[in-house]
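Results of the structural survey
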Amino acid sequence: MNISQRDSKIMWHPYTPMKAWPEAIAMVRGEGVYLVDEQGNRYVDAISSWWVCLHGHGNKYIAQKVAEQMTTMEHCMFAGFTHEPAVRLGERLLHILPDMSRIFYSDNGSTAVEVAMKMAIQYWRNKGMPRKRIVAIEGAYHGDTFGAMAVSGRSVFTEAFTELLFDVTFIPFPERGNEAASISALDAVLAAGDVAAFIAEPLVQGSAGMRMYDAATLERYFALCKRYGALIIDDEVMTGFGRTGTLFACDQVSTRPDIICLSKGITGGVMPLGVTATTAEVFDAFYDDDRSRMLYHGHSFTANATACAASLASMDLLLHEDCTTARRMIVEAHAAFAVTLAGHGMIADIRQAGTILAIELRADTTTYHSALRDAIYRFFIGKKMILRPLGNVVYILPPYCITKEELAHVYTCIQELLTALENGMLL
Ligand SMILES: *Cc1c(COP(=O)(O)O)cnc(C)c1O
């Protein structure tokens, strides 16, 4: 039996209808933008393996730094102890994050969000002003743990748990041309004075289908929160580390968030790591002789030294001018490709935020489990291309190491998909 066959007997995969998709493709090697399966097929990983692999696969520089850290000190508990990789990474993050002054580590995006919400709720309690309401945007995705699910849009993802999720106020998504409705909805909720925090995916709602909104709207949201004193939780788990053109999406607005969540690209996709960064103002509300005011939260792998070393190495690459040039190339190539697709009969919308290009196909069914979605996925797999659509939205979110030629090949495959759709050859 090969790996795929052995897998199908014992594994339970994430976000996978196990009956319809019994066999997972077994990858044995990663080389830059490529993943190689056990038959030797080379696939272009055009979505950075669920948005994490910033610099592609098998990066030697990161691997070397990780190996050095592993043989020096792989891990050390982080309560009562500390280490250079965690401190150095904290210093470097605070250098590039706007107005943040404290770093709390965890190990994935959902936990980074959980920590952010616990900080926000307890901040108000510690201040003697118990505000409890959290406001989020319809269609949001902030993770899969219970708290993160609660602030995520109600969907098939959360359906089985609806009654168990705490109450969250959702404002409408700021649809293009109708942003004012969303902004005034936020204004109305905030005016009640009981909002502890507003949480948002800045500029791009990833999981909802790469739904985008402009920086002016984000600025309005943030400014409103400041006016009413609600904390701003900026969930940059997907948008962080250069995805939207700037280093962080919130760099495109002047109002500063109070809490920033990071994960995914933070280690270049090499190791799991989560960060919740916050301001001195929030931290100070917990800095007290009274222990009931401290933050009771921690994970076994908090500040894992090897993960911090991977993150430092990834940051070396990210902040190097070669990477800036590479990102600019991707942004420009996407924009040029978008122009060639404009007005295409099979496309309902095409949108770009930095290195993310999303193409929304015209379709009768837009559900996550639609047959069209599966057909598109399989079409690309047949072309040895990993482009895992979100419903009827095909998007490219490439590793920054992708070359112009490799990107052109991705575009060609998308053109071929559109032709196949036009000719009714897909379903
Ligand atoms: C993926 C994601 C999360 C959850 O991160 P995990 O590491 O998958 O738990 C949270 N927020 C956003 C915006 C995400 O895209």
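None of the values given here were measured: they were computed from a predicted structure.

This next bit is on the pairing of strand 13 (residues 347–353). The pairing of strand 13 with strand 14 (residues 356–361) spans six bridges and is antiparallel. Across the sheet, Asp-349 pairs through a bridge with Glu-360, a residue of strand 14. Here strand 13 folds back onto strand 14, and the loop between the two strands holds two residues, one of which, Gly-354, carries a positive phi near 60 degrees.

Moving on, we get to a nonpolar patch on the surface. On the surface, a cluster of nonpolar side chains totalling about 310 Å² of accessible area is made up of Phe-146, Phe-161 and Leu-164. The residue Phe-161 is located in the loop between helix 6 (146–150) and strand 6 (169–171) in this model.

All right, on to the site of the ligand then. Close contacts around the ligand come from Trp-51, Asn-108, Gly-109, Ser-110, Tyr-141, His-142, Gly-143, Glu-201, Asp-235, Val-237, Met-238 and Lys-264, and that covers them all. Within the backbone of Gly-109, one N or O atom sits 2.8 Å away from an oxygen atom of the ligand. Ser-110 is positioned such that a nitrogen or oxygen atom in its side chain is 2.6 Å from an oxygen atom of the ligand. Computed on the free molecule, the ligand has an accessible area of 380 Å², of which 84% lies beneath the protein chains in the complex. Broken down by class, the residue content of the shell around the ligand amounts to four nonpolar, five polar and three charged.

Here we take up the packing of aromatic side chains. All chains considered together, the criterion is met by 15 aromatic pairs. The interplanar angle of 85 degrees and the centroid separation of 5.0 Å between the aromatic rings of Tyr-123 and Trp-124 together place this pair among those described as edge-to-face. Here the two residues Tyr-123 and Trp-124 agree in accessibility, since each one is buried. Where Phe-337 meets Tyr-411, the ring centres are 4.2 Å apart and the plane angle is 15 degrees; that geometry is what we call stacked.

Okay, the UniProt feature "modified residue: N6-(pyridoxal phosphate)lysine" (unreviewed entry) in the protein next. The sites that UniProt annotates as "modified residue: N6-(pyridoxal phosphate)lysine" (unreviewed entry) are Lys-264. Along the polypeptide, Lys-264 turns up in the loop between strand 11 (259–262) and strand 12 (274–278). The class of Lys-264 is partly exposed, set by a relative accessible area of 22%.

Spatially, 4-12-11-10-7-5-6 is the arrangement adopted by the seven strands of the open sheet, whose pairing is mixed. Edge positions in the open sheet fall to strand 4 (102–106) and strand 6, since each of these has one partner strand only. Along the sheet, successive strands turn relative to each other by an average axial angle of 20 degrees, direction set aside. The pairing of strand 10 (residues 231–235) with strand 11 spans three bridges and is parallel. When the sheet's bridge partners are listed, Asp-234 is paired in strand 11 with Ile-260. Sitting on the sheet, helix 7 (residues 179–191) is in contact with strand 5 (133–137), strand 6 and strand 7 (195–200), with an inclination near 150 degrees to strand 6. The strands touched by helix 8 (residues 215–228) are strand 5, strand 6, strand 7 and strand 10; relative to strand 10, the strand with the most contacts, the crossing angle is about 150 degrees.

Helix length check: helix 12 (residues 371–382), at 12 residues, gives a terminal C-alpha distance of 16 Å against a target of 16 Å (1.5 Å per residue), a fit within 8%. With respect to burial, helix 12 is a largely interior element, nine of its 12 residues being buried. Turning to helix 12, its buried residues number three or more, namely Leu-372, Arg-373, Asp-374, Ala-375, Ile-376, Tyr-377, Phe-379, Phe-380 and Ile-381. Considering only its buried residues, helix 12 is in contact with strand 3 (42–45), strand 14, strand 15 (385–386), strand 16 (393–396) and helix 13 (404–422). Backbone geometry just after helix 12 places Lys-384 at a positive phi near 60 degrees.

In this model, helix 8 (14 residues) spans 20 Å end to end at C-alpha, consistent with the 20 Å of a helix rising 1.5 Å per residue. Burial in helix 8 covers these residues: Thr-217, Leu-218, Tyr-221, Phe-222, Leu-224 and Cys-225. Along the long axis of helix 8, the arc covered by the buried residues comes to 155 degrees, so they all point the same way. Turned more than 90 degrees from where helix 8 packs its buried face, Ala-216 and Arg-227 sit exposed.

With that settled, the discussion passes to the pairing of strand 12. Across the five residues of strand 12, five count as buried, placing the element largely inside the fold. Burial along strand 12 is two-sided: Gly-274, Thr-276 and Thr-278 and Val-275 and Ala-277, pointing in opposite directions, are all buried. As judged from the five bridges shared by strand 4 and strand 12, these two strands associate in the antiparallel manner. Looking at the pairing, Arg-102 lines up with Thr-278 of strand 12. Relative to strand 12, strand 11 runs antiparallel, the two sharing four bridges. Of the residues in strand 12, the one forming a bridge with Leu-262 is Val-275.

What follows concerns the pattern of salt bridges. Any two side chains of opposite charge can pair if their charged atoms end up close together. For the structure on display, the rule yields 16 salt bridges. Two residues, Lys-127 and Glu-281, come together in a salt bridge whose shortest N-O distance is 3.2 Å. Within this pair, whereas Lys-127 is found in the loop between helix 5 (109–126) and strand 5, its partner Glu-281 is found in helix 9 (residues 280–284), the two being separated by 154 residues in sequence. For Lys-127, a relative accessible area of 37% translates into the label partly exposed. Residue Glu-281 is classed as partly exposed on the basis of its relative accessible area of 40%. Taking the shortest distance from any N to any O, the salt bridge between Glu-360 and Arg-351 comes out at 2.8 Å. Judged by relative accessible area, Glu-360 falls into the partly exposed class, the value being 24%. Several salt bridges converge on common partners, so that one network encompasses Arg-176, Asp-349, Arg-351 and Glu-360.

A few words on the side chain of Thr-267. Its location among the elements puts Thr-267 in the loop between strand 11 and strand 12. Overall, the relative accessible area of 0% leaves Thr-267 in the buried class. Engagement of the side chain of Thr-267 in a polar contact is seen with the backbone nitrogen of Val-270, the distance being 3.2 Å. A distance of 2.6 Å separates a polar side-chain atom of Thr-267 from the backbone oxygen of Met-271.

Rules used throughout
Residues numbered from 1 in each chain as written. Predicted model: local features only at pLDDT ≥ 70, side-chain atom pairs only at ≥ 80, totals over all residues. Heavy atoms only, no water. Pairing = 2+ DSSP bridges. Helix = DSSP H or I, 4+ residues; strand = E, 2+ residues; numbered from the N terminus. Patch = residues over 30% accessible without salt bridge, like charges linked within 9 Å, V, L, I, M, F, W, Y side chains within 5 Å. Areas by Shrake-Rupley, 256 points an atom, 1.4 Å probe, with all protein chains shown as cover. Salt bridge = Lys/Arg side-chain N within 4 Å of Asp/Glu carboxyl O. Near = heavy atom within 4 Å. Polar contact = N/O pair within 3.5 Å; in protein donor to acceptor, adjacent residues only side chain to side chain. Nonpolar A, V, L, I, M, F, W, Y, C, P; charged D, E, K, R; others polar. Phe/Tyr/Trp six-rings, centres within 6.5 Å; stacked < 30°, edge-to-face > 60°. Buried < 20%, exposed > 50% of the residue type's maximum accessible area, 1.4 Å probe, protein only. UniProt positions renumbered as here; feature names shortened; annotations may be inferred. Axes fitted to C-alpha atoms, helices over the stretch in contact; angles between N-to-C directions. Contact = heavy atoms within 4.5 Å. Expected span 1.5 Å × (residues − 1). Arc of directions from axis to C-beta.

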